[in-house]
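A structural walkthrough
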Amino acid sequence: MLPKANLERIIHQLKEIADYKGDWEGFLPIAEKLRGGIKEIEERSSKIESLLIVAIVGGSGVGKSTLINAIAGDKIAKTSEMRPCTNRPIIYYPPGWEPDSEFKGECELHARSALDNIVLIDTPDTDTVVKEHRSFTKKIVEKCDLILLCGNGDKYLEEATWSIIREVSKERGFVLVETKITSQTPSIMDDWLKRLKSDGIEPLTYFRVNALRALNRKLGIKSEDTETDEFDFPKLENFLYQQLTDAKIRQIKTANVHGLIEKMMERTDNFLHETEPAVNGMKEFIDKKKVELVAQYDRIIRTEFAKESGTFYHLLKDEIAPELHGIFLLLAQIRNRFAGILRTLSKVVRPWKIIKEMVSSNQEETTYFEKKINEIVSGIVTQISSKCHRELENIQYDLAFALDKAQIRKDAAPSISENFMVNFFNSGVDFLKEKMDHYLVRKAKCLSNYFLVELFYVPMYIVLVYFFWRIIPGYFLGYYQGKDFLIHSCVVLIISVLVSFWVYDKVVYLSARNMRKKLAKQFLENLSDIMNPFVEYEKLINEVREQIRKIKNLKNDFESLR
Ligand SMILES: Nc1nc2c(ncn2[C@@H]2O[C@H](COP(=O)(O)OP(=O)(O)OP(=O)(O)O)[C@@H](O)[C@H]2O)c(=O)[nH]1
Ligand SMILES: [Mg+2]
């Protein structure tokens, strides 16, 4: 049995599952049923300590009213040979118990002090054509905790009764009462038990009784019946009056609550059985298509990146320039100025360039860096989307089927080809921007490192050392180097600096090339996420899988806590 705290935990988990209002269309009616079930669980849990409500249920004429009369020792319910007889529930209850307002309006009430722990209800039949009788009985069956199911050789397997009790098979206690027993009556009990068992009902106990004889005995009525044996009737009375102790009642009610939870979980389980393979299949399909889609575009991406080899060099150079020191900084600045002058000159020679630039700068404030990224990505996007357009349409068709099978709302995910280009472009730009920014800063920091630059200054230092080594001793010894020596030394110094700068520049160039290749590789590796046309579908699947996870967790918890 679940202790109270665990039961509360299970109810909390159930509520979370039942609160689902997402796009898993097929689950919504189940969630609604769960909400109804939770309400009932809470209601029943709050009444664990109150009286046990026992309903006497069975087909017309099996002797239900005779049985309640026999137990009460009074004719509180009308009995007759005419079928059907009882037309509304008759409630036999201990004084002090307050019947629900529903009971008050629709039922006949008899307060007797003979009962202590239980409320006994005689119900109308379940199997005549009078619809009202059936619905009265259904209502009582919904309310009660224990069912005294009555039957005899003439009537015990009828579908009319069965269809009512099958609904509550897990969440009510059952006691079988075989009625109208005489010494000649062959027992139906074995067959009855077998039948109940096949429907998942394990009765608490069973009795074979002759209630009419018991009633006649209690009322002192002499009948024509020569036999007096009431069979198990005294045992049945003992069960109702003695064995249904407070603890036993609590046990029956708790078992009912468990049964209710079990039934709710069975319902969700069946639904999972139906839909989970479809949800998983959809996920596998999307994963497979993602891989297939990106497998063919390796060449396009490498070419688009290769086209921009100069761009990466430029960007890296611009990033490094302000970080440099000494003569390299001066040279880099001169080169920048020179490039600036060249650009201005080219605009003067070709004035339409100025207009074009003005137009484009009016349209959008983009840096050179952003402009280049946009160019690379848009080149890739246009080529790839023109190639995969048809394939996306076919995939869309398959996905519509998959949604249907998984019972997910069809219009929950948009068309995969609709915003494909825009999404692809945006995520491509975001990816490249972030990566490039990161690489540029890192490479620039590394290449402008003080000691590395100093290393490139070594030839210049050698020339300088040689220069002073020749000049200084001469100065002290009284011989001076000629003008030629000074000129040659300066020329060699300038050449050594220029060559060092050129070599350094080559290193920068190679680093930029390396960076470009790395970026192209990473772009390719992440292409399935960047160009992912299934984002919305993946969100949907995750949402559904989260719900499946909650349901499975609950099942495991419930099983482990019991
Ligand atoms: N011989 C005999 N007759 C019985 C016994 N129990 C009930 N009867 C008779 O069977 C008939 C039907 O009994 P009821 O108690 O009215 O049956 P019921 O199940 O309440 O029928 P509905 O109210 O129509 O659902 C009556 O005439 C009873 O006298 C019994 O143990 N032995
Ligand atoms: Mg009756």
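Data block above holds the structure.
Here's what I pulled together on the structure shown here. (Residues numbered from 1 in each chain as written. Chains lettered and ligands numbered in written order. Predicted model: local features only at pLDDT ≥ 70, side-chain atom pairs only at ≥ 80, totals over all residues. Heavy atoms only, no water.)

**Some remarks on the coordination of the magnesium ion (ligand 2)**
A four-donor tetrahedral metal ideally has 109.5 degree angles, and a six-donor octahedral metal ideally has angles of 90 or 180 degrees. Rules: The donor set covers N, O and S atoms within 2.8 Å of the metal, switching to 3.2 Å for Na, K and Ca, and it leaves out water, so a site may look short of donors. Strands here are runs of E lasting at least two residues and helices are runs of H or I lasting at least four, both read from the DSSP assignment and numbered beginning at the N terminus. Remark: exposure states derive from per-residue accessible area (1.4 Å probe, protein chains only) relative to the maximum for the residue type, with buried under 20%, exposed over 50%, and partly exposed in between.
Within the protein, the magnesium ion (ligand 2) binds to Ser 65 (OG) and Thr 86 (OG1); these donor distances fall in the range 1.9 to 2.0 Å. Note that Ser 65 is positioned in helix 3 (residues 64–72) and Thr 86 in the loop between helix 3 and strand 2 (90–93), a separation of 21 residues in sequence. Both residues of the pair, Ser 65 and Thr 86, belong to the buried class.

**Brief notes about the site of ligand 1**
Short version of the rule: Here, proximity means that at least one heavy atom of the residue falls within 4 Å of the molecule or strand. N or O atoms closer than or at 3.5 Å make up a polar contact, with two conditions inside protein: a donor-capable atom paired with an acceptor-capable one, and, for residues adjacent in sequence, both atoms drawn from side chains. Each accessible area is a Shrake-Rupley result for a 1.4 Å probe, and residues are judged covered by the shown protein chains and nothing else. Note that Gly is not counted as nonpolar here; it falls among the polar residues with everything else outside the nonpolar set of Ala, Val, Leu, Ile, Met, Phe, Trp, Tyr, Cys and Pro and the charged set of Asp, Glu, Lys and Arg.
Neighbouring residues of ligand 1: 20 residues in total, closest Ser 60, Lys 64, Thr 66, Cys 85 and Thr 86. Within the backbone of Gly 61, a nitrogen or oxygen atom sits 2.9 Å from an oxygen atom of ligand 1. For ligand 1, an oxygen atom lies 2.7 Å from a polar atom in the side chain of Thr 86. Starting from 640 Å² of accessible surface for ligand 1 in isolation, the protein chains cover 86%. Listing elements by their share of the shell around ligand 1, those giving two or more residues are helix 3 and helix 8 (211–219). Examining the composition of the shell around ligand 1, we find that three residues originate from one element, helix 3, more than from any other. For the shell around ligand 1, the per-class residue count stands at five nonpolar, 10 polar and five charged.

**Quick word on the side chain of Thr 126**
Test applied: Residue contacts are counted whenever heavy atoms from the two residues lie within 4.5 Å of one another.
By the secondary structure assignment, Thr 126 is in the loop between strand 4 (118–122) and helix 5 (131–143). Polar contacts involving the side chain of Thr 126 include one to the side chain of Thr 161, which spans 2.6 Å. If near-sequence neighbours (up to four positions away) are discounted, Thr 126 is found in contact with Val 57, Gly 58, Gly 59, Arg 134, Thr 137, Glu 158, Ala 160, Thr 161 and Ile 164.

**Let's talk about the nonpolar core**
As a reminder of what qualifies: Here, nonpolar core means buried Ala, Val, Leu, Ile, Met, Phe, Trp, Tyr and Cys residues that are tied together by side-chain atoms lying within 4.5 Å of each other.
Formed by 97 residues in total, the largest nonpolar core has its most connected members in Phe 27, Phe 305, Ile 384, Leu 527 and Met 531. Tallying contributions element by element places helix 10 (residues 246–295) first for this core, with 14 residues. Discounting chain neighbours no more than four positions away, the residues touching Phe 27 are Ile 17, Tyr 20, Leu 34, Thr 268, Phe 271, Gln 547 and Ile 551. Counting 33 residues, the second-largest nonpolar core is a separate cluster that includes Val 54, Leu 67, Leu 148 and Leu 240.

**Structural notes on the sheet that holds strand 5 (residues 146–151)**
To keep things clear, this is the line we draw: One requirement defines pairing of two strands: DSSP has to find at least two bridges between them. Between the N-to-C directions of two axes lies an angle of 0 to 180 degrees, each axis being a line fitted to C-alpha atoms and, for a helix, fitted only over the stretch in contact.
Read from one edge of the open sheet, seven strands run 3-2-4-1-5-6-7, paired in mixed fashion. The sheet is open, and its two borders are formed by strand 3 (108–111) and strand 7 (205–208), each paired with just one other strand. Direction aside, neighbouring strands of the sheet carry axes that sit 20° apart on average. Bridge analysis of strand 1 (residues 52–57) against strand 5 gives four bridges, and the strand direction is parallel. Considered in strand 5, the bridge of Val 57 is made with Leu 149.

**Regarding the packing of aromatic side chains**
Applied cut-off: The pairing test for Phe, Tyr and Trp rings, Trp by its six-membered ring, is centres within 6.5 Å, and the orientation test on the planes gives stacked under 30 degrees, edge-to-face over 60, and tilted for anything in between.
According to the stated counting rule, one finds 25 aromatic pairs in the structure shown. Here Tyr 397 and Phe 401 contribute two aromatic rings whose centre-to-centre distance is 5.8 Å and whose plane-to-plane angle is 80°, an arrangement assigned as edge-to-face. On the criterion of helical spacing, the pair formed by Tyr 397 and Phe 401 is a turn pair, its members being four residues apart in helix 15 (residues 368–405). A residue is classified by how much of its surface remains accessible, and Phe 401, at 53% relative accessible area, is exposed. Grouped by ring-pair contacts, the aromatic residues Phe 328, Phe 456, Tyr 457, Tyr 461, Phe 501 and Tyr 504 constitute a single cluster.

**Section: helix 6 (residues 159–167)**
Threshold: For this quantity, the arc is that covered by the directions from the helix axis to the C-beta atoms.
Every buried residue of helix 6 is listed here: Thr 161, Trp 162, Ile 164 and Ile 165. For helix 6, the buried positions fall inside an angular range of 165° around the axis, keeping them on one side. The inward-facing, buried residues of helix 6 abut strand 1, helix 5, strand 5, strand 6 (173–178) and helix 7 (189–198).

**Examining the pattern of salt bridges**
Filter applied, for reference: The rule for a salt bridge is simple: a side-chain nitrogen of Lys or Arg has to be within 4 Å of a carboxyl oxygen of Asp or Glu.
Applying the stated criterion across every chain, the model contains 41 salt bridges. Two residues, Lys 372 and Glu 308, come together in a salt bridge whose shortest N-O distance is 3.8 Å. Of this pair, Lys 372 sits in helix 15 while Glu 308 is found in the loop between helix 11 (298–307) and helix 12 (309–320), placing the two residues 64 residues apart along the sequence. Take Glu 308: its relative accessible area is 13%, and that puts it in the buried class. When the shortest N-O distance is used, the salt bridge between Asp 411 and Arg 409 registers 2.8 Å.

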